Each structure stands twice: as C-alpha cells, then as structure tokens.
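In case you want the letters, here they are:
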Amino acid sequence: MYEGLVLGAHLPTGWLWPALILIGLILAAGLLVLLLVSGARFDEPSYTPPSTPGPCEPFCSMRNQAPA
C-alpha cells in the first residue's frame, strides 16, 4: 500500500549523503559570495573604475549627431 510513497524505493542506494554534501557546498559558496560582496565598498568616492580608451559603442548613452 505504501510502496509508492517511499522515496528510497525509486532512487539508487547511497544517494542521500552525496546530495546533502552537494547542497552544503552550494550553500557554502553562496555564503562566501555574500561575505565578499558585503565587504566591498561600493559607495567609496575615492575609487574610480578604470576607463578604456576608444569609442563607447555600443554603450554610449549620449550620442553626438554628425552635422548634416
């Protein structure tokens, strides 16, 4: 009667520990990213991002129109 409700009957043996380890690694990587991003100083005015020389295409927000 309860054979269809048992999860282990449809999965191979020994799947639980590898699945838990994989989930734990994913959570640890996510926490590491959160810690690294929270330590960044995005509002620090002294930092200026490096600019590359050359045209800004295709990311120009104000395009200069050529005279006709």
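### Some details on the overall build of the protein
Moving on, step 1. Counting its secondary structure elements, the protein contains 1 helix and 0 strands.
Moving on, step 2. Considering the protein as a whole, with its 68 residues, one finds that 1% of them fall into the buried category.
Moving on, step 3. Surface summary for the protein: the accessible area is close to 7000 Å², and the carbon and sulfur share equals 71%.

### Focus on the UniProt feature "transmembrane region" (unreviewed entry) in the protein
Moving on, step 1. UniProt annotation of "transmembrane region" (unreviewed entry) refers to residues 15–37 when read in the numbering used here.
Moving on, step 2. The distance from the first to the last C-alpha atom of residues 15–37 is 33 Å, and the span holds 96% helix and 0% strand.

### Thoughts on a nonpolar patch on the surface
Moving on, step 1. The grouping of W15, L16, W17, L20, I21 and L25 at the surface amounts to a nonpolar patch, some 650 Å² of accessible area in total.
Moving on, step 2. Its place among the elements puts W15 in the segment before α1 (16–38).

Rules behind the numbers
Residues numbered from 1 in each chain as written. Predicted model: local features only at pLDDT ≥ 70, side-chain atom pairs only at ≥ 80, totals over all residues. Heavy atoms only, no water. Helix = DSSP H or I, 4+ residues; strand = E, 2+ residues; numbered from the N terminus. Buried < 20%, exposed > 50% of the residue type's maximum accessible area, 1.4 Å probe, protein only. Areas by Shrake-Rupley, 256 points an atom, 1.4 Å probe, with all protein chains shown as cover. UniProt positions renumbered as here; feature names shortened; annotations may be inferred. Patch = residues over 30% accessible without salt bridge, like charges linked within 9 Å, V, L, I, M, F, W, Y side chains within 5 Å. Salt bridge = Lys/Arg side-chain N within 4 Å of Asp/Glu carboxyl O.

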